[in-house]
Amino acid sequence: MLKRIARICFHTILIGTLLGAALSYDYKLTQEAKRAKAARDAGVKTEKETFLNSCTNTNDEGPIQMVGLDGRSSKEVKKVASNGSLAMYYDESKGMVYLESPATGKRWYTYPENQEGIASHQKPIVENPVTLRYTQGTSASPTYPYKEAGTLTPALIDGGVRVNYKLISLGISFAMEYKLTPDGFEVNVPFDSIVEENKCKVVSVEPLPYFGSGHPSENGFVFYPDGAGALMEFKKEHLEYYDQFYQSIYGGDEAFDSQTKSVVTKNPKEDIYSDPQERVALPVFGIKRGDQGFVGIVTEGEHDANIIAAPSGYQNVDIYRSSVEFTYRSSDSIFIGDSGEVPFFQGAMLEGERKVRYVLLEGDKSGYVGMAQAYRDHLMKDRGVKPVRQEQLPLRLHLVGGVVRDEIIGSTYIGMTTFAQAKETIDRFAAQGVNRLELVLEGWSDGGVYGKQPQHFPVAGKLGGDAGLTSLIEYAKSKQIPVYLDANYVKPFAPKGDYRASQDAIYGMKREVLTFYDPHPATLQVKRGTSYHMLNPGVAVNDYLKPELARYAELDVSGLRLNYMGEKLYSDLRVSSPLYRKQTIALWQEAMELTRKQLGSVAVTGGNAYTFGFADRIDGAPADSSHYTYEDATVPFYQIALHGLIPYSSEAGNLREDPKKSFLRMVEYGAVPKYQLTHENSSKLKRTPMDGLFSSEADTWLEPAAEEYRKAAEALNKVVDATITGHERVMQDVYRTTYSNGVTIVVNYGQLSRTVNGVTVSPGGFSVVQGGSGR
């Protein structure tokens, strides 16, 4: 009985504490709210007294009152900005803007231009400039300004117009600013404009959800950054779609179970992880309608944002659309005793500006190639990303040193490639005519691939120790081969005692250290075996990376491959000093800058956009899409934007599911060939965390890898530093990539020979045309 009473008391206290934290919002009243309080105290009724102490979504006082630019109820269309190439107009009757090109007369509307088939009750939804999600501490509810009681007040600003929303039915106010740019316009949601006056709290804001949207009868597509890139083509006849593309930019946050798992249960070991899917590595989206289109580039706040792409028919709205949703409060699901699942929102808003820039496109620049080129221009002009020059196509050779296998009692070190054997492998590739290598050493430290990270020293004595590694580096450099050491400061797999989990690892919303497991590929539940933590990014950089940089410099390595930093972006929700994704980006970028400054070069895995300009090479760049049912095509948007700017590779050649198709895609996408090999047979990796490296013995793969490199170099050496200016499917299974120096590469995935512009391409092969006529 005493135990039961103690348990009930504990759960009561815990529920109170957690719910108090979930609703621990900052109730700073605005001057207007203070005046309202004073009026109530004096017994005077105010306009919104009934709303201040509740969070309701009523229409009793609605709809929203529209105010014109002159301060009156005007319903005119007025030009609010012009820069010679574009003009911006504000429609006072809708509270929305549209853009016009004076030279061509084309217009870009912030609502669907063709509304055929849209029901009358849907028109307020599709003709709405912003979607807002809010909460009272329970699940989030969506709404839009025209549905609420309040006022919409525009005001001219330099280069555009600002629209102020005061939703008195929710006690929420915010603003959206529209400003012309040389090639389009920018939308800003000023953080200081967001005011919360009662229990309604902002969860997210989605600006211009229907900008440039398309009708099924039109010719066009939606582009969204699913992996390398994907298209959703407009079409009248299609399947019934019950879902849309809705993914976090840079992937889900590991600090929140609900962002990385599809089902969260009371027992974490019974959670169901999300299906395998590609990551959103770029903060972009776009739509093409006829001969005009746009690309949206999220320039601020992308670390806490989602890309949305909805097919026609989703939620019974026959419109194709794409947009960005900015998150101000993340949420998670927690379980308290027998109380069931409790929704749990962050208390304070995630601070910072939220901006999205729309680049308007016409003619042959309105397709996905033009969109990618516009994004590339943004990277170079606005982000200052400078090209990493290559003289010749390299072969990226990853050699695995060692790994530890846990036994029933103790463990066994499995040596796979010594430093002396690595030298031999270099010589054997040279004998095959591969004279341009980039070497990455994995598992080079004591304890192997998953050893004592985040500590990486000492060097594994069983592989040759400091002397052996130094000799290998000197030997490789004498042959102009750069050597990168693989380093993991993100996901430590070290046994207890090699780092301080309670101080170094991240915490979740339940205020406890988070432990992670890889999912089983079949069940998508916890895979028994290796567990790991995620390091607090500040600890990772300041306590572990910085102290080791001097040791790397002593070895005279060419650089580090900072594993996971280019693909993992997460928060740490510890109560004493929380850290959010925006801060994590700054720390990862600091790590890359320090590494480059100290050692000369830095590589990353994954290649999220925040690494651009900081990394000198990318491993594991996205090369496919998730192939959702509403997707019609995979396109190399990522590669078009980056080729000639930052060298990238994708999967290792010895680990491909479909070797021929993957090789052709590598050539089509202009990627650097890569192999992950060992001196010993991969059978020795059974019952180790490296058992996914199922075929890696250098004796088996040396000649195939060298042959593949020679074939790839035949095409890609000609375009190693060129930019991609064209990409298209010229016929079934045949694709053409065109480069800035006039070289055209045509690949044929089919089983029959194909002729393109007089050039015959064999089945499963490719052709290179110098100065070709590809578009």
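Preceding this paragraph is the structure being described.
Quick summary incoming for the structure in this document.

Analysis parameters
- Once a new chain begins, its residue numbering starts again from 1 and follows that chain's sequence as written.
- The predicted origin of the model limits local features to residues at a pLDDT of at least 70 and limits the giving and counting of side-chain atom pairs to 80 or more, whereas totals for whole chains, interfaces and linings rest on all residues.
- The basis for the side-chain values is all heavy atoms of the structure; hydrogens and waters are excluded.
- In this analysis, rings of Phe, Tyr and Trp, with Trp reduced to its six-membered ring, are considered paired at centre separations within 6.5 Å, and the interplanar angle assigns stacked below 30 degrees, edge-to-face beyond 60, and tilted for intermediate values.
- Only protein chains enter the calculation, and the probe is 1.4 Å; a residue is then buried if its accessible area is under 20% of its type maximum, exposed if over 50%, and partly exposed in between.
- Segments assigned H or I by DSSP are reported as helices when at least four residues long, segments assigned E as strands when at least two residues long, and all are numbered from the N terminus.
- For a lysine, the NZ atom is tested; for an arginine, the CZ atom; a charge sits over a ring if that atom is within 6 Å of the ring centre and within 35 degrees of the ring normal.
- Axis geometry follows a simple rule: fit a line to the C-alpha atoms, using only the stretch in contact for helices, then measure angles between N-to-C directions, giving values from 0 to 180 degrees.
- Each angle gets one of four labels, with under 35 degrees taken as roughly parallel, over 145 as roughly antiparallel, 65 to 115 as roughly perpendicular, and the rest as oblique.
- By the definition used in this description, the sense in which the near helix is turned from the far one sets the handedness, with an anticlockwise turn below a right angle giving left-handed and a clockwise turn giving right-handed.
- Here a residue-residue contact requires only that any non-hydrogen atoms of the pair lie within 4.5 Å.
- As a working rule, the residues Ala, Val, Leu, Ile, Met, Phe, Trp, Tyr, Cys and Pro are called nonpolar, Asp, Glu, Lys and Arg charged, and the rest polar, with Gly in that last group.
- Within this document, salt bridges are pairs made up of a side-chain nitrogen of Lys or Arg and a carboxyl oxygen of Asp or Glu, the two lying within 4 Å of each other.
- The pairing criterion is simple: DSSP has to find at least two bridges between the two strands.
- Polar contacts, as counted here, are pairs of nitrogen or oxygen atoms within 3.5 Å of one another; within protein the pair requires one atom able to donate a hydrogen and one able to accept it, and residues that are adjacent in sequence qualify only if both atoms are side-chain atoms.

1. So, the packing of aromatic side chains
Counting across every chain of the model gives 31 aromatic pairs. Ring centres 5.4 Å apart and planes at 50 degrees place the aromatic pair tyrosine 109 and tyrosine 111 in the tilted group. Taken as a pair, tyrosine 109 and tyrosine 111 share a single burial class, namely buried. Ring centres of phenylalanine 516 and tyrosine 532 lie 5.8 Å apart, and the angle between their planes is 20 degrees; this geometry places the pair in the stacked category. Separated by 16 residues along the polypeptide, phenylalanine 516 in strand E31 (residues 516-519) and tyrosine 532 in strand E32 (residues 526-532) bring together distant segments of the chain. Overall, tyrosine 532 belongs to the buried group, its relative accessible area being 7%. Clustering of aromatic rings is evident, with ring pairs tying together Phe185, Phe211, Phe285, Phe294 and Tyr358. One cation-aromatic arrangement involves lysine 94 over tyrosine 111; the distance from NZ or CZ to the ring centre is 4.8 Å. Lying over the aromatic face of tyrosine 210, arginine 321 brings its terminal NZ or CZ to 5.1 Å of the ring centre.

2. Remarks on the packing of helix H7 (residues 419-431) against helix H8 (residues 465-478)
It is the contact of H7 with H8, at a shortest axis distance of 9 Å, that shows an interaxial angle of 15 degrees. Relative to H8, the element H7 is oriented roughly parallel. For the pair H7 and H8, the sense of crossing is left-handed. On H8, the residues that touch Phe419, Ala422, Lys423, Ile426 and Asp427 of H7 are Gly465, Gly468, Leu469, Ser471, Leu472, Tyr475 and Ala476. Looking at the contact of H7 with H8 residue by residue, the classes come out as 7 nonpolar, 3 polar and 2 charged.

3. Notes on the pattern of salt bridges
Scanning the entire structure with this criterion turns up 40 salt bridges. A salt bridge links aspartate 70 to arginine 72; the shortest N-O distance between them is 3.1 Å. Taking the relative accessible area as the measure of exposure, aspartate 70 reaches 36% and is therefore partly exposed. Classification of arginine 72 by relative accessible area gives exposed; the value is 59%. The closest approach of N and O atoms between glutamate 92 and lysine 78, which form a salt bridge, is 3.5 Å.

4. Focus on the pairing of strand E39 (residues 734-739)
Of all 6 residues in E39, 5 are buried; the element is thus mostly enclosed. One ladder, built from 6 bridges, connects strand E38 (residues 724-731) with E39; its direction is antiparallel. When the bridges of E39 are listed, methionine 731 appears paired with valine 734. Linking two consecutive strands that pair antiparallel, namely E38 and E39, is a turn of 2 residues; a positive phi of about 70 degrees is found at aspartate 733 within it. Pairing between E39 and strand E40 (residues 744-748): 5 bridges, direction antiparallel. If you follow threonine 737 over to E40, its bridge partner there is isoleucine 745. Connecting E39 to the next strand, E40, in antiparallel fashion are 4 residues, including glycine 742 with a positive phi near 90 degrees.

5. Some remarks on the side chain of arginine 321
Here arginine 321 lies in strand E22 (residues 321-327). Using a relative accessible area of 11% as the deciding quantity, one classes arginine 321 as buried. In terms of polar contacts, arginine 321 uses its side chain to reach the backbone carbonyl oxygen of proline 209, at 3.1 Å. A polar contact of 3.3 Å, which involves the side chain of arginine 321, links it to the side chain of serine 323. With residues up to four places along the chain from it excluded, the contact list for arginine 321 reads Glu206, Pro209, Tyr210, Ser213, Val222, Gln244, Ile287, Ile308, Ala309 and Ala310.

6. Observations regarding the environment of glycine 771
Along the chain, glycine 771 turns up in the segment after strand E43 (766-769). For the pair glycine 771 and phenylalanine 191, spaced 580 residues apart in sequence, the C-alpha to C-alpha distance is 51 Å.

7. A few points about the sheet that holds strand E37 (residues 674-677)
If you walk across this open sheet you meet the 7 strands as E35-E34-E33-E30-E29-E26-E37, and the pairing is parallel. Every other strand in the sheet has two partners, leaving strand E35 (617-619) and E37 as the edge strands with one partner each. The sheet shows a mean angle of 25 degrees between the axes of neighbouring strands, taken without regard to direction. Running over the sheet, helix H14 (residues 698-716) touches strand E26 (395-400) and E37 and is turned about 175 degrees from E37.

8. What to know about the side chain of glutamate 254
Locating glutamate 254 in the fold gives a position in the loop between strand E16 (245-248) and helix H5 (257-260). In this structure glutamate 254 comes out as buried when scored by relative accessible area, which is 8%. In this view, glutamate 254 contacts Thr260, Leu514, Phe516, Met534, Lys568, Leu569 and Tyr570; residues no more than four positions away in its chain are not counted.

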